[in-house]
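Structural features, examined
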Amino acid sequence: MTQSSPITAVKGIGPKTGAHFEKAGILTVGDLVRYYPRGYDHFEEPVRAGSLTAFDEGRLVAVEGVFERTLSVRHLKSMQITTGKILSDGVYLDITWFNMPFLRNQIRPGTRLILRGRIRTKGGHVFLQQPKIYDLYDYAQLRKTLQPIYPLVRGLTENALRKALKEVFYGSDHVDLSQDFLPESIRERYGLSDRKSAVRGIHFPEGEEGLAKARRRLVFEEFFCFILMLKRLRQRREDREGAIALKRCPQTQKALDSLPFELTGAQKRVWGEISAGIDSKKVMARLVQGDVGSGKTIVAFLALIQCAFAGFQGALMVPTEVLARQHYEAFTRLCSQAGLSIAVQLLTGSMKTAGRSEAYERIRTGDVKVVIGTHALIQEKVQYERLALVITDEQHRFGVHQRQTLEEKGLHPHSLIMSATPIPRTLAVILYGDLDVSVIDEMPADRLPIRNAVVDPSWREKACQFVAKKVLDGRQAYVICPMVEESEEIEAENVIDYTQSFCEALRKYLPKVRVEYLHGRMKGSEKQSVMERFSSHEIDVLVSTTVVEVGINVPNATVMLVENADRFGLAQLHQLRGRVGRGKEQSYCIFISSMQGEETRKRLKILESSNDGFEIAKKDLELRGPGELFGVRQSGEIGFALADIYADADVMHDAAEAAGSILKEDPLLSDPVNEGISREVIRFMENGNCHFVM
Ligand code: ADP
Ligand code: MG
């Protein structure tokens, strides 16, 4: 087999398993080779059950013990719950599994085993949830290795992936990976391993050092392709002749006058840059960067107004339905407050067929001048009428491809990209090149800095009391649930359980408190309904996993409680925290962490001391060792497969330099010696596995 063979060419993968691989985006053998682990597991020394307490909630542990009785299985809603007890060092520990009834026949009483899973607590009772089972010898072997952890989709198991990778690398019909698109001169200059050893080293690591070396090469490769891709896209854009100058108009001022606040200096400056940029025959491509809550939406709205009164269509694309609806309503409200008549159309995937055809019609005929929606905006069927401005909010959630598709539906439209990802200047120059960057680096004056506290779980009760007090004052709260990563099903179950116990605790103070939950397994329409009711204050407390929508704006929510805070990257915690502190009221963020290690404390303390996203990411990295970089992605949702723009900034510099020297010789990458590179760049672009802007 070769890298372009379909995934079903791998021994052991039939059409059915193949379909699962395809769902994860693995269509070919080459895709599988590039399906990198999201982290590595270090198998820890087994602990004694007697040493576990409620403070270990959420901790991953291995426990050695003996099963004394057969497991029992019961049904709960649509779940099958298997429970048992092991005797470990004279203490019994309860175990629970979801949907694994077959274990009952697999584990015989009297066997000594090692169980590895997360500690959970319910009403003070400590148990082990969904542990994996190992025999003693196997576990001892594993302790010596680094086990890759792969991102999974439903149906695709860790085992299936490992087996397939083994076939591809070591099977009788293994793939020839000796071709390397990076020329040897570059590899030598930057001390990079060759591609074959790098991909092998990332899937089958030999020690930390070998892994670091493999990773470095692949990170370099990602940046290198990314930078060359940007060049290509930019060339394309420059090839396009004149854009439409969207004339400045008095109506934007009218909108500003109708606002209950004045723009900050930074917003005014950025709006000035945008307004001039789109009133020009040169295509504007501008990134608006501003921390969460800095007020990016209003400048986007102003641009849409200028576009509409110039007589052209503008589109605003956002990653989720809830956000789309929220923007749609906010925009409509702004127009009516300001007495501007602009026809606006909402377009989302969940719209019924009739409504959707009607929407298409209104867009096609130009009846509407502003279209706000989700990915539905780029469906083939949507035809725009004189689309001259394209805005993407929360850009990191979109692939390069999706942006392009939308832009191609217009008349060389101007484009505005909104991002809350803090990127330092030096990196921005590399990543965005000559893309214009506007930074909103000032928070609205009426904002009080968020007050933060990092506490251990013994404070949970106090925290709960605090939430109750704020709810009594008429405020709302977000509670971010303990993380589980084993599967979405367990996660859902976990959120529901947690909500129940949190709710009980709250009811002691506030019998009528309205608490609801959100998790990844809920249907889009269900999520939307919950978010909307939270938004309109029919819900007081929203318990959620990290799915709590990006960009959501509920200024009345002023408290956030985060469980297991130590398990998040700080930059991610900062993003989460951005859901509060969006109004005049004092906001609070409480991080609960059971990890009492000095390091963990120190890290989380950074959050207490700073509300500046970029500063936080930088300090977090300084505190981490290189070995810890796997698994914690500072740049979170920026979708490089491996690279992290903060942690790997030095590699990015190298890659930029290398890309620059190649382009100097061969700007169009048309020289046959660069054919391999060119092909790789195109692949990179088409795969859209990098969700960065442009
Ligand atoms: P983000 O930059 O995270 O997208 P939003 O645009 O959603 O932030 O703004 C957050 C909140 O701040 C909104 O409620 C918005 O109305 C409000 N806001 C925006 N600009 C100002 C300002 N200059 N003064 C006061 N409040 C503002
Ligand atoms: Mg926003």
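Since the structure is predicted, the reported quantities are computational estimates derived from the model, not experimental observations. (Residues numbered from 1 in each chain as written. Chains lettered and ligands numbered in written order. Predicted model: local features only at pLDDT ≥ 70, side-chain atom pairs only at ≥ 80, totals over all residues. Heavy atoms only, no water.)

1. Description of the pairing of strand 6 (residues 112-122)
Both faces of the sheet carry side chains from a regular strand, because those side chains alternate between them. As a reminder, the rule being used: Accessibility here uses a 1.4 Å probe with only protein chains present; expressed as a share of the type maximum, an area under 20% marks a residue as buried, one over 50% as exposed, and anything in between as partly exposed. Labels follow the DSSP assignment, with helices taken as runs of H or I lasting at least four residues and strands as runs of E lasting at least two, numbered in each case from the N terminus. DSSP calls a pair of strands paired once it identifies at least 2 bridges connecting them.
Of all 11 residues making up strand 6, 8 are buried, and the element is well covered by its neighbours. Judged from the 7 bridges that link them, strand 2 (residues 60-67) and strand 6 form a sheet pairing that is antiparallel. Bridged to Val-63 within strand 6 is Leu-115. Here strand 6 runs beside strand 7 (residues 125-134); their pairing, made up of 8 bridges, is antiparallel. Paired with Arg-120 across the bridge in strand 7 is Phe-127. Counting the residues between successive antiparallel strands, the hairpin from strand 6 to strand 7 contains 2 residues, one of them, Gly-123, with a positive phi of roughly 50°.

2. Here we look at helix 9 (residues 251-258)
Short version of the rule: Throughout, the arc means that of the directions going from the helix axis to the C-beta atoms. Note on definitions: a residue-residue contact is assigned when non-hydrogen atoms from the two residues lie within 4.5 Å.
All buried positions along helix 9 are accounted for by Gln-251, Thr-252, Ala-255, Leu-256 and Ser-258. Along the long axis of helix 9, the arc covered by the buried residues comes to 165°, so they all point the same way. On the buried face of helix 9, the contacting elements are helix 10 (265-278), helix 11 (296-309) and helix 12 (321-338).

3. Description of unusual backbone geometry
With phi around 55°, Asp-89 is a residue other than glycine that occupies positive phi space. Inspection of the secondary structure assignment puts Asp-89 in the loop between strand 4 (79-88) and strand 5 (91-98). By relative accessible area, Asp-89 is classed as exposed at 57%. Within the chain, Leu-669 stands out as a residue other than glycine whose phi angle is a positive 50°. Structurally, Leu-669 is set in the loop between helix 22 (649-665) and helix 23 (675-687).

Worth remembering: the numbers are spatial, not functional.
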